[in-house]
Amino acid sequence: MRTLTYHDVAPRSERDAVGFPGPLAARYKLEPRDFEAHLDALRESGVRVGADDASAGVALSFDDGGASGLRVAEALERRGWRGLFFITTSRMDTPGFLSRAEVRELARRGHVVGSHSHSHPTYMGRLSREELDREWVHSRGELAEVLSSPPPIAAVPGGFVSAEVIRSAAAAGYEALFTSEPTARAQQRELLVRGRFTIWSTTPARVAAAYARGAPLAVGRLWLEWNAKKLAKSVSADAYQSLRRVRARL
């Protein structure tokens, strides 16, 4: 199964009021009409959409836990679909993000809720093991209180993964960890590690559908971009982050 990664869905005028503010976060947020176009293109592609259905060809995940979550859920439900919602637990009940009651509502309506860490570190792979354990354990505990049971899945914020990030997530009790590597191949390590295909605010609906189908050209291009970014982060994460800020303002 392939998994596409979305974030918030909000009109341009409301982007800073939904989810994380600022130009970097805005690069991941879709206009509502564009999101609807993506969903229509996915339906027309013929690929079956599901959240935890092994027979599905593609899953749709939504990172951060921004306030557009219920709007997103309604759009999915109109098509008979459910999604994966990864929640930054320190942001629950804060402006721009889902409340605990809304996170509980997502689960009640059949969507799958997982952790996106507690505080959303920019580069989780640079944290110490103690810091990693605190992120995963605290987040899982918070969601266990909200959902009445601990979530089995998590997604790494920022896409900066290390072997220690994976080991820490497994030790915290998660069964599957989603990364930002654009691959449909799952790896069984200390837990199941699954990649995802990132959707940007500028990603056309036809390209999202191509990712869902596994179209070689679209998938190969994203894989090359991701690996170039991975190399840049490994050379100098701070320099890479500065470059992202400059590009986001252009």
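Attention in this report is confined to the structure presented alongside it. (Residues numbered from 1 in each chain as written. Predicted model: local features only at pLDDT ≥ 70, side-chain atom pairs only at ≥ 80, totals over all residues. Heavy atoms only, no water.)

Moving on to the overall build of the protein chain. Looking only at helices and strands, the protein chain has nine helices and nine strands in total. What you see for the protein chain is a C-alpha radius of gyration of 17 Å, in line with the 18 Å of a compact globule of 250 residues. Per-residue burial for the protein chain yields a buried fraction of 54% across its 250 residues. The long-range share in the protein chain, meaning contacts at least 24 apart out of those at least 6 apart in sequence, stands at 64%. Accessible area for the protein chain stands at about 11,300 Å²; split by element, carbon and sulfur atoms hold 51% of it. Once the 36 positive and 29 negative side-chain charges of the protein chain are each reduced to a mean point, those two points are 6 Å apart. (Helix = DSSP H or I, 4+ residues; strand = E, 2+ residues; numbered from the N terminus. Rg over C-alpha atoms; globule rule 2.2 N^0.38 Å. Buried < 20%, exposed > 50% of the residue type's maximum accessible area, 1.4 Å probe, protein only. Contact = heavy atoms within 4.5 Å. Areas by Shrake-Rupley, 256 points an atom, 1.4 Å probe, with all protein chains shown as cover. Lys, Arg positive; Asp, Glu negative; His and termini not counted. Charge placed at Lys NZ, Arg CZ, Asp CG, Glu CD.)

On to the packing of aromatic side chains. All chains considered together, the criterion is met by nine aromatic pairs. Relative to Phe62, the ring of Phe35 lies with its centre 6.0 Å away and its plane at 80°, an arrangement referred to as edge-to-face. Of this pair, Phe35 sits in helix 2 (residues 32–45) while Phe62 sits in strand 2 (residues 58–64); the two residues are 27 residues apart in sequence, bridging distant segments of the chain. Ring geometry for Phe86 versus Phe178: centroids 5.4 Å apart, planes at 50°, classification tilted. Of this pair, Phe86 sits in strand 3 (residues 84–87) while Phe178 sits in strand 6 (residues 176–178); the two residues are 92 residues apart in sequence, bridging distant segments of the chain. Given a relative accessible area of 2%, Phe178 falls into the buried group. Through pairs of rings, three or more aromatic residues link up here, namely Tyr6, Phe35, Phe62 and Phe85. (Phe/Tyr/Trp six-rings, centres within 6.5 Å; stacked < 30°, edge-to-face > 60°.)

This part takes up the pattern of salt bridges. Tallied over the full model, the rule gives 16 salt bridges. In this structure, the salt-bridge partner of Asp93 is Arg100, at a minimum N-O distance of 2.7 Å. Here the salt bridges share partners, and the residues they tie into one network are Glu36, Asp40, Arg43, Arg78 and Arg79. (Salt bridge = Lys/Arg side-chain N within 4 Å of Asp/Glu carboxyl O.)

The next thing to look at is the side chain of His116. Tracing the backbone through its elements, the reader meets His116 in the loop between strand 4 (112–115) and helix 5 (129–147). Here the side chain of His116 touches Ala155 through a polar contact of 3.1 Å, landing on its backbone oxygen. Beyond its immediate chain neighbours, meaning those up to four positions away, His116 contacts Asp63, Asp64, Phe86, Ile87, Thr88, Ser139, Ala155, Val156 and Pro157. (Polar contact = N/O pair within 3.5 Å; in protein donor to acceptor, adjacent residues only side chain to side chain.)

Another point: the side chain of Arg194. Considering the arrangement of structural elements, one finds Arg194 in strand 8 (residues 192–194). Classification of Arg194 as buried rests on a relative accessible area of 19%. Every residue in contact with Arg194, bar those within four places of it in the chain, is listed here: Met1, Thr3, Leu177, Phe178, Thr179 and Ala186.

This brings us to the packing of helix 5 against helix 6 (residues 163–172). At their nearest, the axes of helix 5 and helix 6 sit 9 Å apart, and the two run at 40° to each other. As judged from the angle between their axes, helix 5 and helix 6 are oblique. With respect to the hand of their crossing, helix 5 and helix 6 are arranged in right-handed fashion. Here Arg129, Leu132, Asp133, Trp136, Val137 and Arg140 of helix 5 come into contact with helix 6, specifically with Glu164, Val165, Arg167, Ser168, Ala169, Ala171 and Ala172. Looking at the contact of helix 5 with helix 6, its residues break down into seven nonpolar, one polar and five charged. (Axes fitted to C-alpha atoms, helices over the stretch in contact; angles between N-to-C directions. Parallel < 35°, antiparallel > 145°, perpendicular 65-115°, else oblique. Left-handed = near helix turned anticlockwise from the far one by under 90°. Nonpolar A, V, L, I, M, F, W, Y, C, P; charged D, E, K, R; others polar.)

Relative orientation of the contacting elements helix 2 and helix 3 (residues 69–77) amounts to 35°, with a least axis distance of 11 Å. Note on packing geometry: the crossing formed by helix 2 with helix 3 is right-handed. In contact with Pro32, Phe35, Glu36 and Leu39 of helix 2, helix 3 contributes Arg71, Val72, Ala75 and Leu76. Taken together, the residues of the contact of helix 2 with helix 3 break down into six nonpolar, no polar and two charged.

The next point concerns helix 6. Of all the positions in helix 6, only Val165, Ile166, Ser168, Ala169 and Ala172 are classed as buried. Buried residues in helix 6, looked at end-on, bunch into an arc of 165°, giving them a common side. Next to the buried residues of helix 6 lie helix 5, strand 6 and strand 8. At the exit of helix 6 stands Gly173, carrying a positive phi of roughly 110°. (Arc of directions from axis to C-beta.)

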